[in-house]
Amino acid sequence: MTDPSHAVAADAPVLPKEETPFRRFVSEFAESKLALVGLAVFSVIALLAIFASWITPQNPYDLAQLDIMDGRLPPGSKSLSGYTFILGTDDQGRDMFSGMLFGLRISLSVGVGSALFAAVVGTTLGLLAAFFGRRVDTVIMRLVDLQLSFPSILVALMILAVLGKGVMNVMLALVMVEWAYYARTVRATAMVERRREYIEAAQCLALPWRRIMFRHLLPNCLPPLIVVATQQVARAIALEATLSFLGLGVPITEPSLGLLIANGYQYMLSGKYWISFYPGLALLVTIVSINLVGDQLRDVLNPRLKK
Amino acid sequence: MFTWMVRRLFQACFVVLAMTVIVFVGVHVIGNPVDILISPEADQAERARIIANLGLDQPLWRQYLYFLNDAVHGNLGRSFVFNEPALKLIGGRMPATLELAVTAVLFSICFGVPLGLYAGLKPDSFFGRTVMAGSILGFSLPSFWVGLMLIMVFAVQLGWLPSTGRGQTEVLFGIHWSFLTWDGLRHMFMPALNLSLFNISLVLRLTRAGVRETLPMDYIKFARAKGLSPARVIFVHVLKNIMIPVVTVVGLELGSTIAFAVVTESVFAWPGMGKLIIDSINVLDRPVIVAYLMMIVLLFITINLVVDILYTVLDPRVRLETKA
C-alpha cells in the first residue's frame, strides 16, 4: 500500500483500469445522478463557507463596515457606499449574503465537528461493548437505550438549560444526542466481525487488545459508520439551527444560520421576508444535499443490497 | 415475569433519581443562586440571613435531600418571574400543549394513512413517488423552518390563517380549550400541522410498507377471489392489519411530540409549556426550569416503563429474550 511504484502503475493511462474496491465504490455511487448533484451542491456550499472571508463583499462582524442607514433594504438595493446588496440587508445594515456565508461556516463547523466528536466517542464505546461483551456490553447498551428513549430536542434542552449558551455547550449537547447512534451501529457490526477468523488470528498472535480493536476490528466496521456519520452531520446541523433559533444555541457574536433566521423572524410578519428567507434556504439546501449523498451511500455500502 | 417487572420498576426509579441529581447539581451548583436571589444592595448580615433562610449554607448533600423532600411534596419552588409555584404555572400551561400535541397526532393519522395507502397501492405513479420524496423532506427539514414558511405563505402572503397565539378559547371542565371555537381551530391548524409533519412522514412510510407487505398475502388474494369489492378489500382487510403497528408507533410518538412542541410553540407563539420553558431558560427562571425538566423526565420514564411492560405482556418473544 505504501509502495509508491504501485500507485503510479495503477494510475498509468496505458494499462486497463484495474478494479479496486474504491473504484467500484465510486462508480456505484455515481449511478444516482441525484446523489452526484447533492455531492456537487454540498461541495460548493462547503467551499463557499470555507472561503467566506475572501468571497463576501463585507465582513459582517466588523462594525466599521456596517452602516445603520442601509438597514432592512430589499434584495438588489444599492448601498450608500455604492455596492449592491444582492440578498438585501438585515436590521443592522449588514449584507445578508455576507452574513449568510459566515453563518454557514459556523453551522457547518458545529455540525461536522460535533458529528466527528460523537463518532469518536460512540465508536469507541460501541467497539468496547462488542469486544468485551458481558458486563461492559450491558452497561454501555443500557446507556444507549436510555439515551435513545429521550427525544433529541429534550436531551439538548436539558444540557443547555443546565450549562447555558455557547458554541462549546451546543457541541457538547449535540455529541450527547448523537453518540448513541454510532455506538449502536458500530456494536452491531463489530459483534459479527468479532467472530471472524482474522480476529481469532490476531488474538492468537497475542496482539494487545487495543491494537486488535482499532487496527483490525474498526476498519471492517467502517461502511455502516460512514453512512451514520453522513446522516448525523445533517441532523446535527438541523438541531443546531433549531437550538439557535430558540435562542439556546450559539451566542449573538457568532450567529449561525439558525440565529440569522431568528433575527429576521420579527420582520417577516411585516413582509420583509429576505432576512429570514435566504438563510433558511441555505440551511434547507445544505441539509437536503447531505441527505441525498447519505441515502446513496447507504444504498451502496449496504451489503444486503449488493447485486 | 414478576421479578423482571420489579427489576424494571427499580431501574426506572433509579433513572428518575439519577436525573434529579443531574438536574439539581446542574441548576444549583453551576452559577450561584445567591447572586440572582439577593439584591446587590443587601448588606452582609442580611445576605447571611437570606442564605440561611434558603438553606444555602447547608452542605450540598443536605440541600439535595431538602430539594428531594420538597419535590416529593410537589413543591419545586416559586417562579422568580411570575411569583407563582412553578408546578402550578406549568400545570396551567399544560392543556395548551396537550391540545396541540393530540391534534398533531390526529393529523398524522388523517394525512399519513391515506397518503401512505395511495403510495403503497400505486408505488410507481407520479403522485406516489412525489409523496415518498416529500416524506424524506418531512424527516430531514428542521420543523421551525417549515413553520416559518407556513407563516410566510398562509399568514403573511395569503392572509388565510392567523400566525400566532391561541385565539378565542372556551372553558370546559374549568380549563381553557382552543378546539371548541372556530377562531381557536383556525389558530391551531398551522401549529398542529407543523408539529405533525414528522409523524405524517413516519405514518405514511409505515402504511406504505404495510400495504406492500400485505397485498401479496394469501388472505387478500382469497378475499379478492371471493368477489369482494376492491374498496372492501383495501379498507377492511388490508387496512385493519396495517393499523396495529401504525397505532403503536403513533402512541409512542405522543411523548416526543410533546417534547418537540417546544419548537412549534416558539415559532407560533403558542402559550403552552414549551414556550414557557424557553422563556424561562432565557431569563434564568430556575424553579420553572427544574420543574419542567423533572416533570418531562418523569413523563418519559413512565411512558417507557409502560411500553416495556405492555410489550412483555403482549409479545411472548420479548419475554423469552429477557429470560435468557
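Residues numbered from 1 in each chain as written. Chains lettered and ligands numbered in written order. Predicted model: local features only at pLDDT ≥ 70, side-chain atom pairs only at ≥ 80, totals over all residues.

## A few points about the domain arrangement of chain B
All names here are of chain B. Each assigned domain of chain B is listed here: domain 1 (2-72) and domain 2 (92-286 + 297-314). Between domain 1 and domain 2, the residue contacts involve nine residues of the former and eight residues of the latter. Going through the elements one at a time, helix 1 (2-29) and helix 2 (33-37) are the ones with two or more residues in the side of domain 1 that touches domain 2. At seven residues, the largest contribution of residues to the side of domain 1 that touches domain 2 is made by helix 1. (Domains from an automatic or database assignment. Contact = placed C-beta atoms within 7 Å. Helix = DSSP H or I, 4+ residues; strand = E, 2+ residues; numbered from the N terminus.)

## As for the nonpolar core
Of all hydrophobic cores here, the largest spans 149 residues; its most connected members are Ala156(A), Leu174(A), Ala183(A), Leu100(B), Ala291(B), Tyr292(B) and Leu293(B). Of the residues forming this core, the biggest block, 18 residues, is contributed by helix 5 (residues 96-132) of chain A. Once you skip the residues sitting within four places of it in the chain, Ala156(A) turns out to touch Ala173(A), Val177(A), Leu239(A) and Leu243(A). (Core = buried A, V, L, I, M, F, W, Y, C linked by C-beta atoms within 7 Å. Buried ≥ 20, exposed ≤ 12 C-beta atoms within 10 Å, placed from the backbone.)

## Overview of the interface of chain B and chain A
Accessible area lost upon the coming together of the parts is a frequently used measure of interface size. Counting residues at the interface gives 29 residues for chain B and 32 residues for chain A. Elements supplying a minimum of two residues to the side of chain B that touches chain A: helix 1, helix 6 (126-140), helix 7 (143-157), helix 10 (230-267), helix 11 (273-282) and helix 12 (286-314) of chain B. For the side of chain B that touches chain A, the class distribution of residues is 22 nonpolar, seven polar and no charged. (Nonpolar A, V, L, I, M, F, W, Y, C, P; charged D, E, K, R; others polar.)

## Digging into the packing of helix 12 (residues 257-268) of chain A against helix 13 (residues 274-301) of chain A
All names here are of chain A. Between helix 12 and helix 13, the least distance of the axes is 7 Å, while the angle of their chain directions is 150 degrees. The orientation of helix 12 relative to helix 13 falls into the category roughly antiparallel. For the element pair helix 12 and helix 13, the recorded crossing hand is left-handed. Where helix 12 approaches helix 13, its residues Leu257, Leu260, Ile261, Asn263, Gly264, Tyr265, Tyr267 and Met268 are matched on the opposing element by Ile275, Ser276, Pro279, Gly280, Ala282 and Leu283. Split by residue class, the contact of helix 12 with helix 13 holds 10 nonpolar, four polar and no charged. (Axes fitted to C-alpha atoms, helices over the stretch in contact; angles between N-to-C directions. Parallel < 35°, antiparallel > 145°, perpendicular 65-115°, else oblique. Left-handed = near helix turned anticlockwise from the far one by under 90°.)

## So, unusual backbone geometry
For Ala206(A), which is not glycine, the phi torsion reads 60 degrees and is therefore positive. One can find Ala206(A) in the loop between helix 9 (197-204) and helix 10 (209-220). Backbone geometry at Ala269(B) places phi at a positive 50 degrees, although glycine is not the residue there. Residue position: Ala269(B) is located in the loop between helix 10 and helix 11. Among the residues examined, Ala269(B) registers 12 C-beta atoms within 10 Å and is labelled exposed.

## Notes on the environment of Val15(B)
Here Val15(B) lies in helix 1. Along the sequence, Val15(B) and Ile301(B) sit 286 residues apart, while their C-alpha atoms lie 8.0 Å from each other. Those residues in contact with Val15(B) that lie beyond four places of it in its chain are Leu146(A) and Ile301(B).

## What about helix 8 (residues 167-193) of chain A?
Residues and elements named next belong to chain A. The end-to-end C-alpha distance of helix 8 is 37 Å, a good match for the 39 Å that 27 residues give at a rise of 1.5 Å each. At Glu178, helix 8 is deflected by roughly 35 degrees, the largest bend along its length. For helix 8, a buried count of 19 out of 27 residues is recorded, marking the element as mostly surrounded by other parts of the structure. (Expected span 1.5 Å × (residues − 1). Bend = angle between axes of the 7 residues up to and from the residue.)

## So, the environment of Asn194(B)
All names here are of chain B. As for its position among the elements, Asn194 is in helix 8 (residues 182-214). A residue is classified by how many C-beta atoms lie within 10 Å of it, and Asn194, with 27 of them, is buried. Between the C-alpha atom of Asn194 and that of Leu148, which follows or precedes it by 46 residues, the distance is 9.5 Å. With residues up to four places along the chain from it excluded, the contact list for Asn194 reads Ser143, Val146, Gly147, Leu150 and Thr264.

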